[in-house]
Every structure is written in structure tokens, then in C-alpha cells.
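Observations on the model geometry
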Amino acid sequence: MTKQIHYITAVIAASAFFMAAPASADTAADKFTRGLAGMTCGVLEIPGNIVKEAKAQGPIGIPVGMAIGLGMTVTRELVGVYEFITAPFPIPAGFNPILKPEYPWDYFK
């Protein structure tokens, strides 16, 4: 039974990585996927914000991006839990994302 739970969890997590991210989510499934990605990949906020701030500010953006990324990791994880739990409900209106970018790996596009 324990192995089955691990396999099911792995399949759900893998599907979040391989699903195409639409420009703006309109369905409960998109919100569910966004929540799952936020809960499992929130740590990508650290390198993502380092990249973002280094592009904007140069070398000084590296420590600034790390500090922002550490704070946003907690935020991304908590918002991920919220979106995961409230996926069936259109809150905010139209299942719109709460955070920008929608997915933590969108910093690297």
C-alpha cells in the first residue's frame, strides 16, 4: 500500500512538470496544477529571483535575488497549498493566478 501511494504521488508530481502552462488559467484543473507545482517546486523561487534580479541590476542583483527568493519560497509554498485546496472554487474570479509568474519555472523562459 505504501509503494502505491509513493507511485501515485510521483505520477501526480511528474504530470505537473510535463503539462503545458497556458498563458492564463481558466479551469479548476489549471488551478490544481498550479497549486501542486507551487507546493512541490517553490524552492525554484531562489534561482529564479537571482536570475531576474541579476538581469535587472547586474552583479548586485545576485544577493538581492537570493533574499527575495528566500522570502518568495515561503510565499509560493503557501499560495500553492491555498490553490491546491481551493481548486474547485473560482476564487479569484475565473481561476486566475495569485502570483506572477504563474509557475516557479517561468523565470527561466
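Notes on the structure in this doc start here. (Residues numbered from 1 in each chain as written. Predicted model: local features only at pLDDT ≥ 70, side-chain atom pairs only at ≥ 80, totals over all residues. Heavy atoms only, no water.)

Focus on the pattern of salt bridges
Across all of its chains, the model carries four salt bridges by this definition. Residues R34 and E83 are paired through a salt bridge, measuring 3.2 Å at the closest nitrogen-oxygen approach. Here the residue R34 occupies a position in helix α2 (residues 28-41), and E83 occupies one in helix α4 (residues 61-85), the gap between them amounting to 49 residues. Of the residues examined, R34 reaches a relative accessible area of 3% and is grouped as buried. (Salt bridge = Lys/Arg side-chain N within 4 Å of Asp/Glu carboxyl O. Helix = DSSP H or I, 4+ residues; strand = E, 2+ residues; numbered from the N terminus. Buried < 20%, exposed > 50% of the residue type's maximum accessible area, 1.4 Å probe, protein only.)

Let's talk about the packing of aromatic side chains
Applying the stated criterion across every chain yields a total of two aromatic pairs. When the ring of Y103 is compared with that of W105, the centres are 5.2 Å apart and the planes differ by 15 degrees; the resulting orientation is stacked. Comparing Y103 with W105 shows no difference in burial state: the two are buried. (Phe/Tyr/Trp six-rings, centres within 6.5 Å; stacked < 30°, edge-to-face > 60°.)

Remarks on a nonpolar patch on the surface
Residues F32, V81, F84 and I85 make up a contiguous nonpolar surface patch of about 320 Å² in total accessible area. At three residues, the largest contribution of residues to the nonpolar patch is made by α4. Structurally, V81 is set in helix α4. Assessed through its relative accessible area of 35%, V81 is described here as partly exposed. (Patch = residues over 30% accessible without salt bridge, like charges linked within 9 Å, V, L, I, M, F, W, Y side chains within 5 Å. Areas by Shrake-Rupley, 256 points an atom, 1.4 Å probe, with all protein chains shown as cover.)

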